[in-house]
2 protein chains.
Amino acid sequence: MAPGTGRDTASIRQHNLRTVLRHLHLHGATNRVELGKVTGLTRSAVGDLVAELTARELVTESEVEVASGARGRPSLVVAPRDDNARVVAVSVRVDTLRVTSVGLGGTVGEVVEVPHEHVPSDPRPTLEQLAMLLENQLKALNSPPLAVGVAVPGLVRTTDGTVALAPRLRWRDLSLREELGRRVNLGAPLVTGNDSNFSTLAEHLRGAGRGHGHLVYLFAELGVGGGIIVDNQLLVGGKPGYGGEVGHMVTDPGGRPCDCGGHGCWETQIAAAALLRHAGISAATDYDRRAAVTELLARADRDDPAAVAALTALVPPLAAGIATLLSLFNPERIILGGLIAHVLQHADAEVRAAITYHRPALSNSPVDLVPAELGDKAPLLGAAEAAINTFLDTFARGAPSAQSAGK
Amino acid sequence: MAPGTGRDTASIRQHNLRTVLRHLHLHGATNRVELGKVTGLTRSAVGDLVAELTARELVTESEVEVASGARGRPSLVVAPRDDNARVVAVSVRVDTLRVTSVGLGGTVGEVVEVPHEHVPSDPRPTLEQLAMLLENQLKALNSPPLAVGVAVPGLVRTTDGTVALAPRLRWRDLSLREELGRRVNLGAPLVTGNDSNFSTLAEHLRGAGRGHGHLVYLFAELGVGGGIIVDNQLLVGGKPGYGGEVGHMVTDPGGRPCDCGGHGCWETQIAAAALLRHAGISAATDYDRRAAVTELLARADRDDPAAVAALTALVPPLAAGIATLLSLFNPERIILGGLIAHVLQHADAEVRAAITYHRPALSNSPVDLVPAELGDKAPLLGAAEAAINTFLDTFARGAPSAQSAGK
């Protein structure tokens with residue numbers, strides 16, 4: 001047992017403030033009676049918490065007309081102050097950089113996107129670009145951000161937020177927090193995380209996973225990413241948090257080498273290279289592969305038999321991997337994004353039959369497979385949710401500090 | 001967010017009492033100063049908690065001579081009262097039933113084992129046997145047990161503790177809690193769980209996994225069981241908790257049918273049937289297979305080349321499955337029990353090389369693979385730990401009730 005696990009009254013108050021804020025963030029304006037139910041606290045205790053949050057300019061309270069037929073005083077409704085309480089979110093992508101701000105409550109600001117002028121193995125040009133984008137965002141806010149979240153295509157150490165390895169950028173052991181902190185005065189904690197983990201957070205809280213405490217999110221494009229939500233928490237794996245690497249499950253033990261240095265990974269069977277192989281299309285670079293996949297998916301949508309056949313050829317390995325994830329996590333829902341969402345679209349019955357072949361249903365209800373909702377904005381929106389979580393965690397501890405999430 | 005997540009002062013006190021009891025259970029007698037460090041509470045607050053636990057006859061306090069050279073008053077040492085505070089643990093096995101009691105602090109009583117007179121598809125004879133064993137245990141205790149834990153070889157619903165499916169016993173939808181409650185007055189909450197999950201708990205708290213918050217436990221015999229500890233918690237999967245089924249990961253997509261009704265499961269590649277197949281030994285029944293494996297393992301220990309070769313033939317599928325678990329959970333340690341512990345013993349270098357082939361190390365440290373420590377007593381000891389957890393949970397809520405854990 002970790003030291004200091006006892007609780008005192010100050011920490012309870014912080015916990016309760018956090019509970020109210022989190023509810024407002026996820027559910028929007030809420031009346032006091034409902035907040036009492038959510039927290040299990042008395043009317044006066046709720047009033048007291050709301051007063052503190054109002055004084056801190058995090059929420060605002062207003063009277064709302066009671067619906068006709070209801071009696072008594074108008075209800076006091078508490079709403080997050082998204083004019084003032086905002087986080088900044090950044091998504092580092094191989095080809096572009098994206099940045100936006102998101103208010104407490106989830107309102108997303110304008111998304112700024114610029115070409116990513118990255119130099120392999122040298123993160124400095126990227127850092128300069130990011131610093132400029134962040135400065136512009138900060139200027140546009142009414143007050144300092146609550147926190148900043150940065151999604152990165154690589155393995156991130158949960159212990160200190162360092163990017164241990166970003167293969168496509170060829171970054172190794174980069175402390176984004178320190179490097180950005182030297183270039184910009186953020187005035188807020190910064191959280192870094194793996195883009196797939198952040199996408200999973202976003203789909204869980206704002207996308208196809210809303211209301212599901214146990215889910216798996218899978219995304220295939222050039223590679224395979226994804227994440228696992230267990231009991232409403234993102235699975236990050238043992239220290240330093242490199243778990244959740246669904247794309248590197250071994251689904252083809254005698255199979256091909258993978259970009260990760262291993263062999264037989266799922267990524268070699270269900271991502272762009274595999275799809276193009278089945279379609280007989282050769283493409284040498286990531287850029288070409290992406291373009292060829294886009295064209296192939298458009299052909300499939302026009303019912304081109306060869307394109308549909310190439311997608312259908314991904315069914316057996318897709319189903320085998322899903323069966324493994326079902327055995328390990330028994331999720332309520334599996335969310336498919338990227339090109340595997342198109343496999344589901346064009347071969348739904350085949351996917352379900354192949355899953356059942358490996359993993360007979362444990363109940364009468366079939367596997368709940370759905371397409372993702374947030375598209376390629378998921379890492380950015382997830383970075384915002386991670387930033388909100390970081391703010392709430394530091395808030396609950398009563399002092400600002402920084403932390404990290406992700407692989 | 002779940003309703004009622006706010007905290008009040010009464011619930012904090014229960015939480016702190018639970019923290020002290022859990023520390024005493026896992027670490028044994030502890031002085032007050034140390035308990036202060038563990039809980040983060042003041043000297044007087046700790047004294048107050050200990051007074052309540054003493055009054056409830058759960059702990060005892062005594063003065064201990066201070067080591068020579070130290071100064072001041074003799075230290076007050078708090079110890080769990082294992083004469084009085086005990087749980088009852090039961091392990092339902094296909095061939096035998098086992099029962100024992102375990103004290104707060106972990107002292108294990110005499111283990112009673114009787115042949116299991118089970119009738120396939122009819123749980124009644126088993127229930128009668130269990131009722132008699134439980135009555136004898138209860139009579140031997142000084143006071144009613146804190147809780148009762150029952151390990152079952154099957155899928156257990158976490159929502160209500162029902163045994164949904166126990167394939168080797170051919171039980172379906174059996175409410176052990178209700179059925180045993182009708183036959184014996186337990187006077188305590190009863191927790192039912194999957195035997196592999198309970199074994200994982202036991203290895204984590206009392207065996208090869210002590211001190212490791214992220215681990216995977218694997219056990220192969222007639223089938224493959226195991227469990228996953230994530231951040232010191234057993235992964236039970238989505239409602240109703242049928243996750244953690246490591247034996248049914250699909251590691252051989254084109255492979256054999258499995259007893260579960262699926263195809264290509266890990267269990268078809270690394271359990272008794274596969275080992276005997278590689279050794280060219282045919283055995284028709286579970287009983288014969290178990291005997292043949294025992295003999296084969298003895299031959300391997302005498303360096304019989306054919307027996308060692310049969311064990312070594314399990315290396316590729318063993319490594320592929322472990323690589324998948326590493327990618328998903330990045331555990332600090334992987335614990336191997338049953339016949340795969342013998343694979344590790346006789347082909348250690350081959351196992352490690354094959355894992356690295358699929359999953360190159362993410363750091364300089366090699367995978368921490370170790371043999372299990374608790375042998376076939378693990379489910380029984382895990383049932384005791386689950387019972388202690390149930391007692392602590394109900395204690396922390398301030399009222400007794402029953403709950404379940406496991407698949």
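Just so it is clear, the model here is predicted, and its values are computed rather than measured. (Residues numbered from 1 in each chain as written. Chains lettered and ligands numbered in written order. Predicted model: local features only at pLDDT ≥ 70, side-chain atom pairs only at ≥ 80, totals over all residues. Heavy atoms only, no water.)

**Digging into the overall build of chain A**
Logical step 1: Across its full length, chain A carries 14 helices and 16 strands.
Logical step 2: In terms of overall dimensions, chain A is globule-like: its C-alpha atoms have a radius of gyration of 23 Å, near the 22 Å expected for 407 residues.
Logical step 3: Seen through its C-alpha atoms, chain A measures out along the principal axes to roughly 70 × 55 × 50 Å.
Logical step 4: Counting all 407 residues of chain A, 56% fall into the buried class.
Logical step 5: Sequence-distant contacts, at least 24 apart, represent 64% of the contacts inside chain A between residues at least 6 apart.
Logical step 6: Accessible surface for chain A amounts to roughly 16,500 Å². Of this, 51% is attributable to carbon and sulfur atoms.
Logical step 7: Distance from the positive charge centre (38 side chains) to the negative charge centre (43 side chains) of chain A: 4 Å. (Helix = DSSP H or I, 4+ residues; strand = E, 2+ residues; numbered from the N terminus. Rg over C-alpha atoms; globule rule 2.2 N^0.38 Å. Buried < 20%, exposed > 50% of the residue type's maximum accessible area, 1.4 Å probe, protein only. Contact = heavy atoms within 4.5 Å. Areas by Shrake-Rupley, 256 points an atom, 1.4 Å probe, with all protein chains shown as cover. Lys, Arg positive; Asp, Glu negative; His and termini not counted. Charge placed at Lys NZ, Arg CZ, Asp CG, Glu CD.)

**Details of the pairing of strand S4 (residues 86-92) of chain A**
All names here are of chain A.
Logical step 1: With seven of seven residues buried, S4 is to be regarded as a mostly interior element.
Logical step 2: Judged by which residues are buried, S4 turns out to be covered on both faces: Arg86, Val88, Val90 and Val92 on one side and Val87, Ala89 and Ser91 on the other are all buried.
Logical step 3: Connecting S4 to the next strand, strand S5 (residues 96-103), in antiparallel fashion are three residues.
Logical step 4: The sheet contact formed by S4 and strand S7 (residues 148-152) spans four bridges and is parallel. Looking across to S7, one finds that Val90 is bridged to Val150. (Pairing = 2+ DSSP bridges.)

**Quick notes on the packing of aromatic side chains**
Logical step 1: One pass over the full model with this rule turns up one aromatic pair over all chains.
Logical step 2: Note on A:Phe329 and B:Phe329: the rings are 5.5 Å apart at their centroids and 40 degrees apart in plane angle, and the pair reads as tilted. Residue A:Phe329 is located in helix H11 (residues 315-329), and its partner B:Phe329 is located in helix H11 (residues 315-329); the two belong to separate chains. B:Phe329 carries the same exposure label as A:Phe329, and that label is buried. (Phe/Tyr/Trp six-rings, centres within 6.5 Å; stacked < 30°, edge-to-face > 60°.)

**Digging into the confidence of the model for chain A**
Residues and elements named next belong to chain A.
Logical step 1: Taken residue by residue, chain A gives an average pLDDT of 91. The fraction at 70 or more is 92%.
Logical step 2: Long-range and interchain partners of residues 399-407, a stretch whose pLDDT sits below 50, account for 51 contacts in this model, where long-range means more than four residues apart.
Logical step 3: Note on the complex model: pTM 0.92, ipTM 0.91. (pLDDT = per-residue confidence, 0-100.)

**Comments concerning the relation of the copies chain A and chain B**
Logical step 1: When chain A is fitted to chain B, the residual RMSD is 0.0 Å, and the transformation amounts to a turn of 180 degrees plus an axial shift of 0.0 Å. As the rotation angle and translation indicate, the two copies are arranged about a two-fold axis. When each C-alpha of chain A is compared by its distance to the rotation axis, A:Thr251 comes out closest, at 3.0 Å.
Logical step 2: Most of the interface of chain A is mirrored in chain B, where 98% of its interface residues are also at the interface. (Least-squares fit on C-alpha atoms with pLDDT ≥ 70 in both.)

**Re the sheet that holds strand S12 (residues 215-220) of chain A**
All names here are of chain A.
Logical step 1: On the basis of which strands lie adjacent, the open sheet formed by five strands has the order S14-S13-S12-S15-S16 and mixed pairing. Because the sheet does not close on itself, it has two edges, and the strands there are strand S14 (233-234) and strand S16 (369-371).
Logical step 2: Both S12 and strand S15 (residues 333-338) contribute to a ladder of six bridges, which runs parallel. Across the sheet, Phe219 pairs through a bridge with Gly337, a residue of S15.

**Side note on the packing of helix H9 (residues 286-301) of chain A against helix H10 (residues 305-312) of chain A**
Residue and element names in this part refer to chain A.
Logical step 1: Between H9 and H10, the shortest axis-to-axis distance is 7 Å and the interhelical angle comes to 110 degrees. When the axes of H9 and H10 are compared, the pair comes out roughly perpendicular. When the axes of H9 and H10 are compared, the crossing they make is left-handed. Of the residues in H10, those touching H9 at Leu296, Leu297, Arg299 and Ala300 are Ala306, Ala307, Val308, Ala310 and Leu311.
Logical step 2: Per-class residue counts for the contact of H9 with H10 are eight nonpolar, no polar and one charged. (Axes fitted to C-alpha atoms, helices over the stretch in contact; angles between N-to-C directions. Parallel < 35°, antiparallel > 145°, perpendicular 65-115°, else oblique. Left-handed = near helix turned anticlockwise from the far one by under 90°. Nonpolar A, V, L, I, M, F, W, Y, C, P; charged D, E, K, R; others polar.)

**Comments concerning helix H3 (residues 43-55) of chain B**
Residue and element names in this part refer to chain B.
Logical step 1: When the terminal C-alpha atoms of H3 are compared, their 18 Å separation across 13 residues agrees well with the 18 Å that a helix rising 1.5 Å per residue should span.
Logical step 2: Taken together, the buried positions of H3 are occupied by Val46, Gly47, Leu49, Val50, Glu52 and Leu53.
Logical step 3: Trailing H3 by a residue or two, Glu57 shows a phi angle of about 60 degrees, which is positive. (Expected span 1.5 Å × (residues − 1).)

**Notes on the packing of helix H12 (residues 339-346) of chain B against helix H13 (residues 348-358) of chain B**
Pairs of packed helices are described in terms of their axes, by the angle between the two and the distance that separates them.
Residue and element names in this part refer to chain B.
Logical step 1: One can describe the packing of H12 onto H13 by two numbers: an axis separation of 4 Å at closest approach and a directional angle of 100 degrees. Put simply, H12 runs roughly perpendicular to H13. Along the contact surface, H12 presents Val343, Leu344 and His346, while H13 presents Asp348, Val351 and Arg352.
Logical step 2: Residue composition of the contact of H12 with H13, by class: three nonpolar, one polar and two charged.

**Points about the interface of chain A and chain B**
Logical step 1: At the interface, 59 residues of chain A touch 58 residues of chain B.
Logical step 2: Counting the surface lost from both chain A and chain B, the interface buries some 4,800 Å², and carbon and sulfur atoms represent 59% of this.
Logical step 3: Put simply, chain A and chain B have zero salt bridges between them.
Logical step 4: Taken together, the links from chain A to chain B amount to 20 residue pairs in polar contact (both at pLDDT 80 or more).
Logical step 5: Among the residues making up the side of chain A that touches chain B, the classes are represented as 26 nonpolar, 26 polar and seven charged. (Buried area = accessible area lost by both parts, 1.4 Å probe. Salt bridge = Lys/Arg side-chain N within 4 Å of Asp/Glu carboxyl O. Polar contact = N/O pair within 3.5 Å; in protein donor to acceptor, adjacent residues only side chain to side chain.)

**Observations regarding the side chain of A:Thr268**
Logical step 1: Along the polypeptide, A:Thr268 turns up in helix H7 (residues 267-270).
Logical step 2: Judged by its relative accessible area of 10%, A:Thr268 is buried.

**So, H11(B)**
The periodicity of an α-helix, 3.6 residues per turn, causes residues three or four positions apart to be oriented the same way.
Logical step 1: Here H11(B) spans 21 Å end to end across 15 residues, near enough to the 21 Å set by a 1.5 Å rise per residue.
Logical step 2: Within two residues after H11(B), B:Asn330 carries a phi angle of roughly 40 degrees, on the positive side.

**A look at the pattern of salt bridges**
Logical step 1: Taken as a whole, this structure holds 49 salt bridges over all chains when the rule is applied.
Logical step 2: Measuring nitrogen to oxygen at the nearest pair gives 3.4 Å for the salt bridge that ties A:Asp173 to A:Arg157. Of the two residues, A:Asp173 sits in strand S10 (residues 171-174) while A:Arg157 sits in the loop between strand S8 (155-156) and strand S9 (163-166), which places them 16 residues apart along the sequence.
Logical step 3: On the basis of relative accessibility, which here comes to 51%, the residue A:Asp173 falls in the exposed class.
Logical step 4: In this structure, the salt-bridge partner of B:Arg13 is B:Asp48, at a minimum N-O distance of 2.9 Å. Here B:Asp48 lies in helix H3 and B:Arg13 lies in helix H1 (residues 9-27), a separation of 35 residues in the sequence.
Logical step 5: Given a relative accessible area of 28%, B:Arg13 falls into the partly exposed group.
Logical step 6: Several salt bridges share partner residues, and in doing so they unite A:Arg93, A:Asp95, A:Arg98, A:Glu113 and A:Asp376 into one network.

**Re the pairing of strand S11 (residues 190-194) of chain A**
All names here are of chain A.
Logical step 1: Taken across its five residues, S11 has five buried, putting it largely inside the fold.
Logical step 2: One ladder, built from five bridges, connects S7 with S11; its direction is parallel. Looking at the pairing, Gly149 lines up with Val191 of S11.

**Side note on the environment of A:Glu34**
Logical step 1: Here A:Glu34 lies in helix H2 (residues 32-39).
Logical step 2: C-alpha separation for the pair A:Glu34 and A:Leu222, spaced 188 residues apart in sequence, amounts to 45 Å.

**Quick notes on the sheet that holds strand S10 (residues 171-174) of chain B**
All names here are of chain B.
Logical step 1: Taken together, the three strands give an open sheet; going across it, the order is S8-S9-S10, and neighbouring strands pair in antiparallel fashion. This sheet does not close on itself; its edge strands, each paired only once, are strand S8 (155-156) and S10.
Logical step 2: Where S8 meets strand S9 (residues 163-166), two bridges bridge the pair, whose relative direction is antiparallel. Directly across from Leu155, in S9, lies its bridge partner Leu165.

**Section: the environment of A:Ala151**
Residue and element names in this part refer to chain A.
Logical step 1: Tracing the chain through its elements places Ala151 in strand S7.
Logical step 2: Spatially, the C-alpha atoms of Ala151 and Asn197 are 8.7 Å apart, while their sequence positions differ by 46 residues.
Logical step 3: With sequence-adjacent residues up to four places away left out, Ala151 is seen in contact with Val90, Ser91, Val92, Gly193, Asp195, Phe198, Pro379 and Ala383.

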